[in-house]
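Given next are the chains, with one letter for each unit.
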Amino acid sequence: MSATIPKDMINLRIIRVSGETNEFLFTPNNSAADIAKHVYDNWAVDWKEEKVNSPSILRLIYQGRFLHGNVTLGALKLPLGKTTVMHLVARETLPEPNSQDRRNREKTEESYCCVIL
């Protein structure tokens, strides 16, 4: 990708499991589903792995988390005019939140206790 990224765009460097990369420009309004479809439609010729059958099984990972299809780049507060790295994997379904995430959420819920002496 050229050194100049438009100030109103986000340059996504997509990394496959194999380590192969490709870069694409997106707007903050593009969702994870939009990105998966665009990558599928513009599958890099130099990516050795066989192309998947459908964009619906392509999953993006950002900062260790799977992105759901409706999440936009703007909602992630990605910097405009910069390059952001995301990983791309082929996976039928998103994983369930692990039990540690569930415990952390439970810890943040407020509870009140009253002691009468």
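Residues numbered from 1 in each chain as written. Predicted model: local features only at pLDDT ≥ 70, side-chain atom pairs only at ≥ 80, totals over all residues. Heavy atoms only, no water.

Observations concerning the overall build of the chain
1) Next: A tally of helices and strands in the chain yields two helices and five strands.
2) Next: Put simply, the chain has 117 residues, and 31% of those count as buried.
3) Next: Element-wise, carbon and sulfur atoms account for 51% of the exposed surface of the chain, whose accessible area totals about 8,200 Å². (Helix = DSSP H or I, 4+ residues; strand = E, 2+ residues; numbered from the N terminus. Buried < 20%, exposed > 50% of the residue type's maximum accessible area, 1.4 Å probe, protein only. Areas by Shrake-Rupley, 256 points an atom, 1.4 Å probe, with all protein chains shown as cover.)

A closer look at unusual backbone geometry
1) Next: In this structure, Gln-63 takes a positive phi of about 50° despite not being glycine.
2) Next: For Gln-63, a relative accessible area of 67% corresponds to the exposed category.

Points about the packing of aromatic side chains
1) Next: Per the counting criterion, the structure on display carries one aromatic pair.
2) Next: Measuring from centroid to centroid gives 6.3 Å for Phe-24 and Phe-26, while their planes differ by 45°, and the two rings are tilted. (Phe/Tyr/Trp six-rings, centres within 6.5 Å; stacked < 30°, edge-to-face > 60°.)

Looking at the pattern of salt bridges
1) Next: Within this structure, the stated rule accounts for two salt bridges.
2) Next: Ionic pairing is found between Glu-23 and Arg-13, a salt bridge with its closest N-O pair at 2.7 Å. Of this pair, Glu-23 sits in strand β2 (residues 21-26) while Arg-13 sits in strand β1 (residues 10-16), placing them 10 residues apart in sequence.
3) Next: The class of Arg-13 is partly exposed, set by a relative accessible area of 29%.
4) Next: Residue Lys-37 is joined to Asp-41 by a salt bridge in which the shortest nitrogen-to-oxygen separation is 2.8 Å. Separated by four residues within a single helix, Lys-37 and Asp-41 lie in helix α1 (residues 32-41), roughly one turn from each other. (Salt bridge = Lys/Arg side-chain N within 4 Å of Asp/Glu carboxyl O.)

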